[in-house]
Amino acid sequence: MEHWMDLEKRVVIVTGGSNGIGRAICNSLGRLGATVINADITPPGENENMEYISCDITKKEEIEKLVEAVYGRYGRIDALVNNAGVNRARLLVDAKEPCSKYELNEEDYEAMMSVNVKSAVFLSQAVARKMIIHKQGVIINMSSTSGARGSAGQCIYAATKSALSSFTKSIALELGKYGIRVVAVTPGINEKTAMTSSDAYMDALAYTRNTTKEAVDSNYEASIPLGRLGRLEEVADAVSYLISDRASYITGTVVNVSGGKTTD
Ligand SMILES: NC(=O)c1ccc[n+]([C@@H]2O[C@H](COP(=O)([O-])OP(=O)(O)OC[C@H]3O[C@@H](n4cnc5c(N)ncnc54)[C@H](O)[C@@H]3O)[C@@H](O)[C@H]2O)c1
């Protein structure tokens, strides 16, 4: 029986599909019958039902190779999900210990900007070139509520997410005439992923907020009107819907999937 989202045979590239939200997106799309290509530097686990192409999305030449490989094989790319991201909690200024490992440095800045923003820009460019030929396509950019509100200890991470939301709105204006929709999705605080469960991330976040790891975790639910963390599937299902033709009049906007944590 045809599923109401009708994603059968849609060809979708998802970046960072080996872990966390990206993995949930690959699974959701796969269950709905889409052909999913996971582009990641980390291979997926065994028994994952997805096509995997190893790609460092910060390198423009690897992006070009990825897009040519997928287009060469399938003759179309229906959707791109710019999901991969990195988050290093850093203070702009560490007044307690200047130049500590938790004070923002150039390498942190470059790492977050290149994975979170540069990759999405040049992947969107390469994929949109193909979508324009077919006069259809959908680009989803994974933003974050931190980009809308700001986040103590995460000034550059939040800035990259804000950049993605803004990028979404501008390219939607440029690409609409070719039948290409562009939407940003803003998750809030979710059940743990590789990104948010690592000791490096939690230690840094606790330091930058002058608190303990336990206190960081215990405050989360209270800040969410629905009173619980988001499930990765909840973000993934929103992405599948936005890719589907059921969302055919949604473009140039930011879809908030945060349990009400923010309203913008
Ligand atoms: N986890 C959350 O609560 C949360 C909240 C808001 C927004 N987000 C956003 O959702 C997205 C996914 O987050 P997550 O928590 O699932 O992350 P994650 O760390 O669990 O997974 C990220 C994936 O991206 C891949 N990746 C990193 N650098 C790459 C590169 N150079 N080339 C190719 N792949 C690369 C990693 O290998 C990994 O598989 C990110 O953009 C993140 O900012 C997450």
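The structure we're discussing is the one just above.
Residues numbered from 1 in each chain as written. Predicted model: local features only at pLDDT ≥ 70, side-chain atom pairs only at ≥ 80, totals over all residues. Heavy atoms only, no water.

**Here we look at the site of the ligand**
Right, on to step 1. In the vicinity of the ligand lie 28 residues, with Asp-40, Thr-42, Asn-83, Tyr-157 and Thr-193 positioned nearest.
Right, on to step 2. Thr-193 has a polar side-chain atom sitting 2.5 Å from an oxygen atom of the ligand.
Right, on to step 3. Between an oxygen atom of the ligand and a main-chain N or O atom of Ala-194, the distance comes to 3.3 Å.
Right, on to step 4. Breaking the shell around the ligand down by element, the ones donating at least two residues are helix H1 (20-31), helix H5 (155-175) and helix H6 (194-197).
Right, on to step 5. The element that contributes the greatest number of residues to the shell around the ligand is H6, accounting for 3 residues.
Right, on to step 6. Along the lines of polarity and charge, the residues of the shell around the ligand split into 11 nonpolar, 14 polar and 3 charged. (Near = heavy atom within 4 Å. Polar contact = N/O pair within 3.5 Å; in protein donor to acceptor, adjacent residues only side chain to side chain. Helix = DSSP H or I, 4+ residues; strand = E, 2+ residues; numbered from the N terminus. Nonpolar A, V, L, I, M, F, W, Y, C, P; charged D, E, K, R; others polar.)

**Let's talk about the sheet that holds strand S1 (residues 11-15)**
Right, on to step 1. One open sheet holds the 7 strands; their spatial order is S3-S2-S1-S4-S5-S6-S7, and the pairing between them is parallel. Edge positions in the open sheet fall to strand S3 (51-54) and strand S7 (253-257), since each of these has one partner strand only. The mean inter-strand angle of the sheet, taken between neighbouring strand axes irrespective of direction, is 20 degrees.
Right, on to step 2. Direction of pairing for strand S4 (residues 79-82) relative to strand S5 (residues 137-142): parallel, over a ladder of 4 bridges. Paired with Leu-80 across the two strands is Ile-139, which belongs to S5.
Right, on to step 3. Taken strand by strand, helix H2 (residues 60-74) contacts S1, strand S2 (35-40) and S3, and its axis lies near 145 degrees from that of S3. (Pairing = 2+ DSSP bridges. Axes fitted to C-alpha atoms, helices over the stretch in contact; angles between N-to-C directions. Contact = heavy atoms within 4.5 Å.)

**Remarks on helix H7 (residues 199-208)**
The periodicity of an α-helix, 3.6 residues per turn, causes residues three or four positions apart to be oriented the same way.
Right, on to step 1. Along H7, the residues that are buried comprise Tyr-201, Met-202, Ala-204, Leu-205, Ala-206 and Thr-208.
Right, on to step 2. Residues of H7 that are buried in the fold lie against H6 and helix H8 (213-218).
Right, on to step 3. Looking one or two places after H7, you find Asn-210, whose phi comes out positive at around 55 degrees. (Buried < 20%, exposed > 50% of the residue type's maximum accessible area, 1.4 Å probe, protein only.)

**Here we look at the packing of aromatic side chains**
Right, on to step 1. All told, the structure shown has 2 aromatic pairs when counted by the stated rule.
Right, on to step 2. Relative to Tyr-241, the ring of Trp-4 has its centre 6.4 Å away and its plane inclined at 35 degrees; by these criteria the two rings are tilted. Pair noted here: Trp-4 is in the segment before S1 and Tyr-241 is in helix H9 (residues 232-243), with a separation of 237 residues, a long-range link.
Right, on to step 3. Residue classification places Trp-4 among the partly exposed positions, given a relative accessible area of 46%.
Right, on to step 4. Here Tyr-102 and Tyr-207 contribute two aromatic rings whose centre-to-centre distance is 4.7 Å and whose plane-to-plane angle is 35 degrees, an arrangement assigned as tilted. Linking Tyr-102 in the loop between S4 and helix H3 (106-134) with Tyr-207 in helix H7, this pair joins segments that are 105 residues apart in sequence.
Right, on to step 5. By relative accessible area, which is 22% here, Tyr-207 ends up partly exposed.
Right, on to step 6. Positioned above the aromatic ring of Tyr-207 is the side chain of Lys-96, whose terminal nitrogen or guanidinium carbon lies 4.7 Å from the ring centre.
Right, on to step 7. Here the guanidinium or amino end of Lys-130 rests over the ring plane of Tyr-71, the centre of that ring lying 4.9 Å away. (Phe/Tyr/Trp six-rings, centres within 6.5 Å; stacked < 30°, edge-to-face > 60°. Lys NZ or Arg CZ within 6 Å of the ring centre and 35° of its normal.)

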